[in-house]
Amino acid sequence: MTNDLADVNERVAEEWKSETTPGERVRTVMKRTYDPQSVATIAERALTSETTARKHLGVLAEDGVVEAVSLPETRGTWYKRSSRSVVLERAGQILDSVDVETLSERVTELRETVREFEEQTGAESPRAAAIAGADLDSEAMTEWQTTRRNLKLARAALALADATDAVEGDTGTNKHGDPAGVIG
């Protein structure tokens, strides 16, 4: 039974390797890498060499998909998925699952729930409430934290929708030849 499972895993790995490029495999690995990993670990998981993984990680870092980090007491550069890419992915998922009008209504509801927690505790955040010793059980504290996170992601989704509409409606360039609307 153990050999059968090993054979299946090996076949699946070989199939993945034959059907994808090293860059695709590195990107796939990094979509699931939230804690810093060494290049060697990423290369092993992506079924490629360290040199190839390092090359693709550099491109992904330039694109903002991953972050290069230095960890104390470790050698070399380690990589993890960037928070920005996670937010953009989640915002996109939200927009794929709900229309903008419904999302706007949900933002209003979430904002009101957060406001109620703030009024109840006299604090501006769950952390501040905990430090102040607010009378709030752990379940309510978790609900407040989750509601704040969901509100931020819903706002990001609305901002993404607005930015997408703006880009789709204005594809020209400014007088300097830069994309219209880009600051800098």
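In case you missed it, the structure is sitting above this.
I will try to describe carefully the structure that is included in this document.

Cut-offs and rules
- Residues numbered from 1 in each chain as written.
- Predicted model: local features only at pLDDT ≥ 70, side-chain atom pairs only at ≥ 80, totals over all residues.
- Heavy atoms only, no water.
- Salt bridge = Lys/Arg side-chain N within 4 Å of Asp/Glu carboxyl O.
- Helix = DSSP H or I, 4+ residues; strand = E, 2+ residues; numbered from the N terminus.
- Buried < 20%, exposed > 50% of the residue type's maximum accessible area, 1.4 Å probe, protein only.
- Pairing = 2+ DSSP bridges.

**Quick notes on the pattern of salt bridges**
Okay, step 1: Applying the stated rule across the entire model yields four salt bridges.
Okay, step 2: Between R81 and E89 there is a salt bridge; the shortest N-O distance is 2.3 Å.
Okay, step 3: With a closest N to O distance of 3.2 Å, E109 and R106 form a salt bridge. Taken together, the residues span about one helical turn, with E109 and R106 both in helix 6 (residues 100-121) at a distance of three residues.
Okay, step 4: E109 gets classed as partly exposed once you look at its relative accessible area, which sits at 44%.
Okay, step 5: Residue classification places R106 among the partly exposed positions, given a relative accessible area of 40%.

**Looking at the sheet that holds strand 2 (residues 66-69)**
Okay, step 1: With respect to topology, three strands assemble into an open sheet ordered 1-3-2, the strand pairing being antiparallel. Only two strands of the sheet have a single neighbouring strand rather than two, namely strand 1 (37-38) and strand 2.
Okay, step 2: Pairing analysis gives two bridges linking strand 1 to strand 3 (residues 78-81), with the strands arranged antiparallel. Each residue of the ladder has a partner; that of S38, found in strand 3, is W78.

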